[in-house]
Protein chains: 4
Amino acid sequence: MAQVEKVQKSQNDKRQRILEGALKAFARKGFYNTKVSEIASEAGVADGTIYLYFKNKDDLLISLFEDRMEWVIERLETELADSPGDVFEKLRQVVDMHFKLALEEPDLAEFITVELRQSAKFMKEYKNPRFLDYLRILERIVEVGQEQGVIRKDIDPRLFGRALFGALDEVLLTLTFSKNHQVEEKTRQVADLFIEGLRAR
Amino acid sequence: MAQVEKVQKSQNDKRQRILEGALKAFARKGFYNTKVSEIASEAGVADGTIYLYFKNKDDLLISLFEDRMEWVIERLETELADSPGDVFEKLRQVVDMHFKLALEEPDLAEFITVELRQSAKFMKEYKNPRFLDYLRILERIVEVGQEQGVIRKDIDPRLFGRALFGALDEVLLTLTFSKNHQVEEKTRQVADLFIEGLRAR
Amino acid sequence: MAQVEKVQKSQNDKRQRILEGALKAFARKGFYNTKVSEIASEAGVADGTIYLYFKNKDDLLISLFEDRMEWVIERLETELADSPGDVFEKLRQVVDMHFKLALEEPDLAEFITVELRQSAKFMKEYKNPRFLDYLRILERIVEVGQEQGVIRKDIDPRLFGRALFGALDEVLLTLTFSKNHQVEEKTRQVADLFIEGLRAR
Amino acid sequence: MAQVEKVQKSQNDKRQRILEGALKAFARKGFYNTKVSEIASEAGVADGTIYLYFKNKDDLLISLFEDRMEWVIERLETELADSPGDVFEKLRQVVDMHFKLALEEPDLAEFITVELRQSAKFMKEYKNPRFLDYLRILERIVEVGQEQGVIRKDIDPRLFGRALFGALDEVLLTLTFSKNHQVEEKTRQVADLFIEGLRAR
DNA sequence: TATGAATGAGACTTCATTCAT
DNA sequence: AATGAATGAAGTCTCATTCAT
């Protein structure tokens, strides 16, 4: 491995460790109740090290969003791209993945579920572009379905995207609280609810 | 009016003013970014006075939830009780009222939208019973519809309640951000989406 | 004493105690080596109290200048106003008072001697108007002497003011270091030096 | 050039570059507001490198004094040694050089003007011997003048040195602030002021 | 009951210094 | 000798809460 790569790897490594520590801490106690020193000790670095990689605590929060949402979106897009199914099948996959991810990455789920809105609202300058990307994926599926005539045309795709995300997010909140029972059944129900609601008759 | 009542009225009055000040401030800047002194000045009382009516800042937040949710639920229940319509009509009314309220009381909408989850999550001992009451209203409607055979029986009423609330909440978030255009059309679409999703076939 | 006066007295009292604590601490260790908490404990108040009276540490420094220089200038002006002597006698008085003050208020002397320049230089927006007032007093004496024809006209009064202040300030620095011996003799010598230098021939 | 010398030259070179970087930075922002990393980047070396040549930041400050004062004193002594003039002429030369140097090396002037006192005061163990050397030059001139009978004997040479340095220093402070106009005229006036003040009658 | 000045614990952040490379 | 990423001690300032009036 070349010297340059090695350095970059170690840098990314430390940055990643901090992001992971932050995720864990934010998930557990929320942004405002988490001390920078807690993130540092969770990440196994000194307090000051965090400021080598992030401008301040807010920047760390935003970076964490960017990083994790990017990852989520990539996964979602890859899976959808491979999907042979129709639009309803794709919607089912979205719901499925949403829940599956939440089970695999409970910290991430808690984090997004709880902190997304706060940050959306109070870090005025931050537009949260990754989240908009996520919504756009949902919109596209509905648009395609409408073009194909299988989805009713009187539903605004953008509104649908918000509604579905909101529903998933809120249900997730309960899932992460309780011990995640019957997730598959819940996945089916939520997917069904929205699919039947969308279907053109 | 008897002396005792008068005193109690004035007490309630000051308590209410504090709650209103808090609502305004929390809506604008969020719980953690709002100083107790800001609430006090918004309410026109001294900082210390707040501690005569509330144990601490957390207690103020919780009390605000209690107070406002109670009011919302009462209104919802009254309206639904008077309603002559079937369960789908009732669902439509719920969605309608949710949005109508948000337009009438934008501070309340922002507040619930943004703070509900944080508080749910990080004030561990607080179970937010009023919110559960709200969900129970939705559950009841679905249950009745299932008994009547007009709503499919493979949907868990509790899950549905969460999903609907989540959807409404998220859509509201966008409404309060943007200048609330075409609310009625959005109301119809969201209601339709869920009603068609629920309908037994 | 009326209520209002009492409150104002107590406020001024605390403000004064903080200024005195700051003067003592700055004189001993310099602005940058003095912790806010040291000033607080010197003043017998809590750390946070300082921020009720001053915006921040810089503001405290500037306020201290303002306050003390105002006091010095008032004293100097009063004494000069009463003085029956000619301009040379007045200059002698200025030098005399400068040293006398430094003996009476060694902390103030150390403080001005050491911190004046730093603050002049690095608090760019702060113009130190009181110090300029002080210099203007010196200028005026020279101008009067020039009008009377007893002081040579080829000396710029403003330049003279600076030079005399600088000389006094530097000599003071040595005085406050060493145990202030023979102050009167030194006063005479410095006064003589400048007076003979100024005298028209 | 032998290997050893070459190494030493390169060492000196880096040391000098650090001193120059420090001078520039201290002049601009003052000792306490200058970060070691700023000095390093000004000097074009790594932060850590500074600690190969200086024990710590304080040591760097002191070394800078030593280095620059030594240079100033050498220049002053050389010029005075060559001077054919009498003591008054020599004093004139001192004043002249003081100002001339400040124009040639404005960073050095700002640095000495602002930092000399702080450091004198708060680095207790440091006696600033170079500065004392500088004063001694002034003292010697006065002593010689007194022996020759051209300077009044009732002036303490040491006191005079301080006073002259203080005056020059303070006037310089104004010069470096404002755009250095009429320096020669000011030189003449200050020199005259002190010479006439000293002259035996 | 009401006030608001005072408190002081504690958070974020900086930066001189170190040390593995 | 040189680097610069990492450290962590320490300082400024905030703000929820108290309490004398």
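Source: prediction; values computed, not measured.

From N to C terminus, chain A includes nine helices and zero strands. In chain A, the order of α-helices and β-strands from amino to carboxyl end is α-α-α-α-α-α-α-α-α. Taken over 201 residues, chain A has a buried fraction of 52%. At a minimum sequence separation of 6, the contacts of chain A that also span at least 24 residues come to 74%. For chain A, the accessible surface area stands at approximately 9500 Å², while carbon and sulfur atoms represent 50% of it.

Moving on, we come to the UniProt feature "DNA-binding region" (unreviewed entry) in chain A. Mapped onto this numbering, the UniProt entry annotates "DNA-binding region" (unreviewed entry) at residues 35-54 of chain A. The distance separating the terminal C-alpha atoms of residues 35-54 of chain A is 15 Å; by composition the span is 75% helix and 0% strand.

It is worth spelling out the interface of chain A and chain B at this point. Tallying the contact residues gives 47 residues for chain A and 48 residues for chain B. Between chain A and chain B the total buried area reaches about 4100 Å² when both faces are included, carbon and sulfur atoms providing 59% of it. Where chain A touches chain B, the interface holds 10 salt bridges. With a shortest N-O distance of 2.7 Å, arginine 152 of chain B and aspartate 192 of chain A are connected by a salt bridge. The tally of links between chain A and chain B comes to 20 residue pairs in polar contact (both at pLDDT 80 or more).

Here we take up the confidence of the model for chain A. Residues of chain A with pLDDT of at least 70 account for 89%, and the chain-wide mean is 88. Helix 2 (residues 36-43) of chain A holds the highest mean pLDDT among the elements of chain A, 98, whereas helix 1 (residues 3-29) of chain A holds the lowest, 81.

If you look at the interface, chain C gives 47 residues, while chain D gives 47 residues. Summed over both partners, the interface of chain C with chain D comes to about 4100 Å²; 60% of that surface belongs to carbon and sulfur atoms. Put simply, chain C and chain D have 12 salt bridges between them. Note that glutamate 170 of chain D is salt-bridged to arginine 162 of chain C, the shortest N-O span being 3.1 Å. In this assembly, chain C and chain D are joined by 20 residue pairs in polar contact (both at pLDDT 80 or more). Among the elements of the structure, helix 1 (3-29), helix 6 (106-122), helix 8 (157-177) and helix 9 (183-198) of chain C are those that each provide at least two residues to the side of chain C that touches chain D. With 14 residues, helix 8 of chain C is the largest single contributor of residues to the side of chain C that touches chain D. In the side of chain C that touches chain D, the residues fall into 20 nonpolar, nine polar and 18 charged.

This next bit is on the protein's contact with DNA strand E. Of all residues adjacent to DNA strand E, which total 30 residues, the nearest are Lys35 and Tyr51 of chain A, Thr49 of chain B together with Thr49 and Tyr53 of chain C. Those atoms of DNA strand E that come within 4 Å of the protein belong to sugar or phosphate at a rate of 71%. Within the side chain of tyrosine 53 of chain C, a nitrogen or oxygen atom sits 2.5 Å from a phosphate oxygen of DNA strand E. Only helix 3 (47-53) of chain A, helix 1 (3-29) and helix 3 (47-53) of chain B, helix 3 (47-53) of chain C together with helix 3 (47-53) of chain D provide two or more residues apiece to the surface near DNA strand E. It is helix 3 of chain B that provides the largest number of residues to the surface near DNA strand E, a total of five residues. Considered class by class, the residues forming the surface near DNA strand E number 12 nonpolar, 11 polar and seven charged.

Moving on, we come to the protein's contact with DNA strand F. Near DNA strand F, the surroundings consist of 29 residues, among which Thr49 and Tyr53 of chain A, Tyr51 of chain C together with Thr49 and Tyr53 of chain D are the closest. Counting only the atoms of DNA strand F within 4 Å of the protein, the fraction contributed by sugar and phosphate is 70%. Tyrosine 53 of chain A is positioned with one of its side-chain polar atoms (N or O) 2.5 Å from a phosphate oxygen of DNA strand F. Here tyrosine 51 of chain B contributes a side-chain N or O atom positioned 3.0 Å from a phosphate oxygen of DNA strand F. When residues of the surface near DNA strand F are traced back to their parent elements, those giving at least two are helix 3 of chain A, helix 3 of chain B, helix 3 of chain C together with helix 3 of chain D. Examining the composition of the surface near DNA strand F, we find that five residues originate from one element, helix 3 of chain D, more than from any other.

Structurally, the α-helix is built with 3.6 residues per turn, so residues lying three or four positions apart point the same way. For helix 4 (residues 57-82) of chain C, with 26 residues, the first-to-last C-alpha span of 38 Å sits near the 38 Å given by 1.5 Å per residue. Sitting at the head of helix 4 of chain C, asparagine 56 of chain C places a side-chain oxygen 3.2 Å from the backbone nitrogen of aspartate 58 of chain C.

All right, on to the relation of the copies chain C and chain D then. Both copies of the chain are related by a screw-like operation: a rotation about an axis and a shift along it. The two copies are related by a screw motion: chain C maps onto chain D through a turn of 180 degrees and a shift of 0.0 Å along the axis, at an RMSD of 0.1 Å. Both chain copies can therefore be described as sitting about a two-fold axis. The C-alpha atom lying nearest the rotation axis in chain C is that of glycine 197 of chain C; the distance is 1.8 Å. A symmetric contact is evident, with 100% of the interface residues of chain C recurring at the interface of chain D.

We now examine the pattern of salt bridges. Enumeration over the complete set of coordinates arrives at 90 salt bridges over all chains. As a salt-bridge pair, arginine 68 of chain A and aspartate 67 of chain A come within 2.6 Å of each other at their nearest N and O atoms. Because the salt bridges share partners, they merge into one network encompassing Arg92, Glu185, Arg188 and Asp192 of chain A together with Arg152 and Asp154 of chain B.

Here the focus is the packing of aromatic side chains. A full pass over the atoms with the stated rule returns 32 aromatic pairs over all chains. Pairing phenylalanine 31 of chain B with tyrosine 32 of chain B gives two aromatic rings, centres 5.0 Å apart and planes at 80 degrees, and the pair type is edge-to-face. Overall, the relative accessible area of 26% leaves tyrosine 32 of chain B in the partly exposed class. When the ring of phenylalanine 160 of chain C is compared with that of phenylalanine 194 of chain C, the centres are 5.9 Å apart and the planes differ by 75 degrees; the resulting orientation is edge-to-face. In this pair, phenylalanine 160 of chain C sits in helix 8 while phenylalanine 194 of chain C sits in helix 9, placing the two residues 34 residues apart along the sequence. The burial state of phenylalanine 160 of chain C is the same as that of phenylalanine 194 of chain C; both residues are buried. Through pairs of rings, three or more aromatic residues link up here, namely Phe26, Phe31, Tyr32, Phe65 and Phe111 of chain A together with Phe26, Phe31, Tyr32, Phe65 and Phe111 of chain B. A cation sits over an aromatic face here: lysine 57 of chain A above phenylalanine 31 of chain A, 4.5 Å from the ring centre.

Quick notes on the rules
- Counting of residues starts from 1 at the beginning of each chain's written sequence and follows it residue by residue.
- Here every chain gets a letter starting at A, and every ligand a number starting at 1, in the order they are written.
- Residues qualify for local features only when their pLDDT is at least 70, as the model is predicted, and side-chain atom pairs are given and counted only at 80 or more; totals for whole chains, interfaces and linings, by contrast, use all residues.
- In computing side-chain values, all of the structure's heavy atoms are included and hydrogens and water are not.
- Secondary structure counts use DSSP, requiring at least four H or I residues in a row for a helix and at least two E residues in a row for a strand, with both numbered from the N terminus.
- For every residue, the accessible area obtained with a 1.4 Å probe (protein chains only) is divided by the maximum for its type, and the residue is called buried under 20%, exposed over 50%, and partly exposed between those limits.
- The contact definition used throughout considers only heavy atoms, calling two residues in contact when any of these lie within 4.5 Å.
- The Shrake-Rupley method, run with a 1.4 Å probe, gives the accessible areas here. Residue values count only the displayed protein chains as cover.
- UniProt positions are given in the numbering used here, feature names are shortened, and annotations may be inferred rather than shown by experiment.
- Values labelled buried area give the accessible surface lost by two parts on being combined, using a 1.4 Å probe and summing over both.
- Note on definitions: salt bridges are taken to be side-chain nitrogens of Lys or Arg within 4 Å of carboxyl oxygens of Asp or Glu.
- We call two N or O atoms a polar contact when they sit within 3.5 Å, provided that within protein one can donate a hydrogen and the other can accept it, with sequence-adjacent residues counted only if both atoms are side-chain atoms.
- pLDDT runs from 0 to 100 and stands for how confident the predictor is about each residue.
- In this count, Pro and Cys sit with the nonpolar residues alongside Ala, Val, Leu, Ile, Met, Phe, Trp and Tyr, while Asp, Glu, Lys and Arg are called charged and the others, Gly among them, polar.
- Any residue with at least one heavy atom within 4 Å of a molecule or strand is counted as near it.
- Given the number of residues in a helix, its expected span is that number minus one, multiplied by 1.5 Å.
- Only residues with pLDDT of at least 70 in both copies contribute their C-alpha atoms to the least-squares superposition of the copies.
- Ring pairs shown here join Phe, Tyr and Trp side chains whose ring centres sit within 6.5 Å, with only the six-membered ring taken for Trp; geometry is labelled stacked below 30 degrees between planes, edge-to-face above 60, and tilted in between.
- In our convention, an over-ring charge means Lys NZ or Arg CZ found within 6 Å of a ring centre and within 35 degrees of that ring's normal.

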